[in-house]
Structures are given as structure tokens and as C-alpha cells.
Amino acid sequence: MDKPPWDQNKILKLTISTDFDSNLKELQFSNHSLKKENATNILRVKVPYNYFELDDFESKSLELLGIKETWLTDISLDNSHCSNRN
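Basis of the calculations
- Residues numbered from 1 in each chain as written.
- Predicted model: local features only at pLDDT ≥ 70, side-chain atom pairs only at ≥ 80, totals over all residues.
- Heavy atoms only, no water.
- Buried < 20%, exposed > 50% of the residue type's maximum accessible area, 1.4 Å probe, protein only.
- Helix = DSSP H or I, 4+ residues; strand = E, 2+ residues; numbered from the N terminus.
- Arc of directions from axis to C-beta.
- Contact = heavy atoms within 4.5 Å.
- Phe/Tyr/Trp six-rings, centres within 6.5 Å; stacked < 30°, edge-to-face > 60°.
- Salt bridge = Lys/Arg side-chain N within 4 Å of Asp/Glu carboxyl O.

**Q** I keep staring at helix H2 (residues 57-65) and nothing clicks. Help me out?
**A** Residue pairs three or four apart in sequence face the same way in an α-helix, which turns once every 3.6 residues. Listing the buried residues of H2 in full gives Phe57, Ser61 and Leu62. Angular distribution of buried residues about the axis of H2 spans 135°; they occupy a single face of the element. Residues of H2 that are buried sit in contact with strand E1 (6-16), strand E3 (40-48) and strand E4 (72-79). One or two steps after H2, the chain reaches Gly66, where phi turns positive at roughly 85°.

**Q** Which parts of the structure should I look at to understand the packing of aromatic side chains?
**A** Ring pairs (aromatic) are described by centroid distance and by the angle formed between their planes. A full pass over the atoms with the stated rule returns 3 aromatic pairs. Residues Phe20 and Trp71 carry aromatic rings whose centres are separated by 5.5 Å and whose planes lie at 15° to one another, so their mutual orientation is stacked. Here Trp71 lies in the loop between H2 and E4 and Phe20 lies in the loop between E1 and helix H1 (21-27), a separation of 51 residues in the sequence. We classify Phe20 as partly exposed; its relative accessible area is 21%. Seen in terms of ring centroids, Tyr51 and Phe52 are 5.5 Å apart; in terms of plane orientation they differ by 80°. Their pairing is edge-to-face. By the ring-pair criterion, three or more aromatic residues cluster together here, those being Tyr51, Phe52 and Phe57.

**Q** Hey, could you run me through the pattern of salt bridges in this one?
**A** A pair can form between side chains of opposite charge whenever their charged atoms are brought close. This model, assessed by the stated rule, comprises 2 salt bridges. The residue Lys36 makes a salt bridge to Asp21 at a minimum N-O spacing of 2.9 Å. Of this pair, Lys36 sits in strand E2 (residues 34-37) while Asp21 sits in helix H1, placing them 15 residues apart in sequence.

**Q** Could you clarify how one ought to interpret unusual backbone geometry in this entry?
**A** The general pattern is negative phi for most residues beyond glycine and trans for most peptide bonds. Of note, Gln28 is a non-glycine position whose phi angle comes to about 55°, a positive value. Relative to the helices and strands, Gln28 is located in the loop between H1 and E2. The backbone phi angle of Asp56 is positive, close to 55°, even though this residue is not glycine. Positionally, Asp56 belongs in the loop between E3 and H2.

Below, the structure is given as C-alpha cells:
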């Protein structure tokens with residue numbers, strides 16, 4: 001593989017309503033990825049290096065993660081601030 005599988009500069013940031021806390025518990029995300037901030041749940045997920053080439057990347061990501069769009073209050077691609085680059 002020439003490139004790492006993950007874009008080292010971007011993450012998918014999902015802001016999820018606390019109304020869906022029990023749903024999120026069932027999905028068993030790691031404490032590193034899922035945190036409570038300002039009375040909302042923030043899930044940060046690595047994105048593939050070619051995410052911009054994929055059609056409807058955000059919707060496909062939600063489907064793969066088992067998250068319903070109705071749970072979200074926001075979705076964005078943000079700069080990664082994670083020091084762990086693996």
C-alpha cells in the first residue's frame with residue numbers, strides 16, 4: 001500500500017442528540033471516539049484518504065456506523081487534532 005488507509009488531516013465529526021444515548025450505548029463506540037461535550041454526544045471517526053472521491057460519503061458513513069440521520073444535530077468534516085496518526 002502506498003498510502004495509509006486514513007486521511008491524517010480529516011475526521012468525520014457527528015454531533016448526536018442526547019435523546020439517543022441508549023442507541024449509542026448499544027453501538028459500543030470507544031471512549032476515544034465518543035465523548036459528551038456541552039450536553040451533546042460527539043463522535044469522531046477517521047475517514048479514508050480518498051473520502052472526497054466517494055459518492056455521498058457522509059450518508060454511507062452513517063449507514064456503516066449504524067447511526068440514523070435523525071439522531072444528528074450536526075455532521076461535518078473537520079481538521080484532525082489527534083496525536084495518534086495510526
